[in-house]
Amino acid sequence: AQTVTQSQPEMSVQEAETVTLSCTYDTSENNYYLFWYKQPPSRQMILVIRQEAYKQQNATENRFSVNFQKAAKSFSLKISDSQLGDTAMYFCAFIEEGTYKYIFGTGTRLKVLA
Amino acid sequence: DGGITQSPKYLFRKEGQNVTLSCEQNLNHDAMYWYRQDPGQGLRLIYYSQIVNDFQKGDIAEGYSVSREKKESFPLTVTSAQKNPTAFYLCAATAHGGTEAFFGQGTRLTVV
C-alpha cells in the first residue's frame, strides 16, 4: 500500500531564513505525482508545488522548491526567505499515475518567527 | 466563482444519529474525495469517486457512506456506526488523476 511519511510534526524558522520540510513515500510504481499543500490557520488547503516523477528536474515556484530523490523516495520542500505568511500546516501528498487515490501525510506545522 | 462548497461549516450531532455533510463543485471535475482531519493524523481518505455512480473506499471508510448521483455532488453520511465522528471533514475534487486537488472550506462535526 502507498504511504506518505512526514517525520517532522513541528518546525520553526526565523523570518527571511530558509527551512526544509521532509517527506518520504512508498510505492512500487514508476510513474506518479507528488505535491506539497499548505493549510494556513483559515484551514483552506492551497497547492504549493507539484512534481511529476518522470521529470528529473526539481520543481520550483518562486520561493518554494523541492528536492526530489526518486531512488530514495524522498520529496523535501525548501522554503527560502521565509515570511510570516508561510506559517501553516504543510502536507505532502502522492498519487500514482492512472489512479485516483490521493494520499496525504500527517503534516508538518511550520511557524515563522518575527 | 468556481470552486468547492461544503455545508454546513459547523455541525453538531447527538450520539446515535446519522448526519449528512454536503459537498458541491462547479469545476466540472470528474473525481471527488472526502478526507477526515484529526490533530497529528493528517488527512485520511474516507471515500473517493472517479465518476458518477461509482465510488471506492479509502483507508477509513467504516461508519461512513457516500453517493455520487450527480457529477457536481458528493455527499458524505456519518452513520451511528462511526465510533468517534468528531473531526474536521474536507471535500476535494480533481480534474483527473495527477492533477491539483481543489478543496472546500471544510465542515467541523462535533458529537454532543
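It should be noted that the structure appears before, not after, this text.
Residues numbered from 1 in each chain as written. Chains lettered and ligands numbered in written order. Predicted model: local features only at pLDDT ≥ 70, side-chain atom pairs only at ≥ 80, totals over all residues. Heavy atoms only, no water.

Asks: Can you help me understand the pairing of strand β5 (residues 32–39) of chain A in this one?
Replies: Looking along a regular strand, one sees the side chains alternate between the two faces of the sheet. All names here are of chain A. Among the eight residues of β5, eight are classified as buried, and the element is accordingly described as predominantly covered. The alternating pattern of β5 places Tyr 32, Leu 34, Trp 36 and Lys 38 and Tyr 33, Phe 35, Tyr 37 and Gln 39 on opposite faces, both of which are buried. Across six bridges, the pairing between β5 and strand β6 (residues 46–52) is antiparallel. Opposite Trp 36, over in β6, you have Ile 49 as the bridge partner. Taken together, β5 and the strand that follows it, β6, pair antiparallel across an intervening segment of six residues, in which Arg 43 is found at a positive phi of about 75°. (Buried < 20%, exposed > 50% of the residue type's maximum accessible area, 1.4 Å probe, protein only. Helix = DSSP H or I, 4+ residues; strand = E, 2+ residues; numbered from the N terminus. Pairing = 2+ DSSP bridges.)

Asks: Honestly, the state of the cysteines in this entry has me stumped. Any pointers?
Replies: By definition, a disulfide links the sulfur atoms of two cysteines through a covalent bond. Counting across every chain of the model gives two disulfides over all chains. At a sulfur-sulfur separation of 2.0 Å, the disulfide partner of Cys 23 of chain A is Cys 92 of chain A. Disulfide Cys 23 of chain A-Cys 92 of chain A: torsion about the S-S bond near -70°, hence left-handed. Placement of the pair is Cys 23 of chain A in the loop between β3 (19–21) and β4 (24–26) and Cys 92 of chain A in strand β10 (residues 88–96), with a sequence separation of 69 residues. A relative accessible area of 0% places Cys 92 of chain A in the buried class. At a sulfur-sulfur separation of 1.8 Å, the disulfide partner of Cys 23 of chain B is Cys 91 of chain B. Sign of the S-S torsion, about -75° for the bond between Cys 23 of chain B and Cys 91 of chain B, identifies this disulfide as left-handed. Of this pair, Cys 23 of chain B sits in strand β3 (residues 19–25) while Cys 91 of chain B sits in strand β9 (residues 87–94), placing them 68 residues apart in sequence. A relative accessible area of 1% means that Cys 23 of chain B is categorised as buried. (Disulfide = S-S within 2.5 Å.)

Asks: Hey, could you run me through the environment of Leu 113 of chain A in this one?
Replies: All names here are of chain A. Tracing the sequence through the fold places Leu 113 in strand β12 (residues 108–113). For Leu 113, a relative accessible area of 30% gives the class partly exposed. Sequence-wise, Leu 113 and Leu 84 are 29 residues apart; in three dimensions their C-alpha atoms are separated by 6.9 Å. Discounting residues that sit within four places of it in the chain, Leu 113 has contacts with Ser 12, Val 13, Gln 14, Glu 15 and Leu 84. (Contact = heavy atoms within 4.5 Å.)

Asks: Help me out: how do you make sense of the interface of chain B and chain A in this one?
Replies: Often, the extent of an interface is quoted as the loss of accessible area on bringing the components together. In this assembly, 24 residues from chain B lie in contact with 19 residues from chain A. Taken together, both faces of the contact between chain B and chain A bury some 1900 Å²; the carbon and sulfur share is 56%. It is Leu 43, Gly 98 and Phe 103 of chain B that lose the most area in chain B upon contact with chain A, and together they represent 25% of the buried surface on that side. Where chain B touches chain A, the interface holds one salt bridge. A salt bridge links Lys 101 of chain A to Asp 59 of chain B, with the nearest nitrogen and oxygen atoms 3.2 Å apart. Where chain B packs against chain A, one counts nine residue pairs in polar contact (both at pLDDT 80 or more). Here the element with the most residues in the side of chain B that touches chain A is strand β5 (residues 42–51) of chain B; it accounts for five residues. (Buried area = accessible area lost by both parts, 1.4 Å probe. Salt bridge = Lys/Arg side-chain N within 4 Å of Asp/Glu carboxyl O. Polar contact = N/O pair within 3.5 Å; in protein donor to acceptor, adjacent residues only side chain to side chain.)

Asks: I tried to follow the environment of Asp 30 of chain B on my own but got confused; where do I start?
Replies: Residues and elements named next belong to chain B. On the secondary structure map, Asp 30 appears in the loop between β3 and β4 (31–38). Along the sequence, Asp 30 and Lys 57 sit 27 residues apart, while their C-alpha atoms lie 17 Å from each other. Apart from the residues within four sequence positions on either side, Asp 30 is in contact with Ser 49, Gln 50, Ile 51, Arg 68, Lys 71, Thr 94 and Ala 95.

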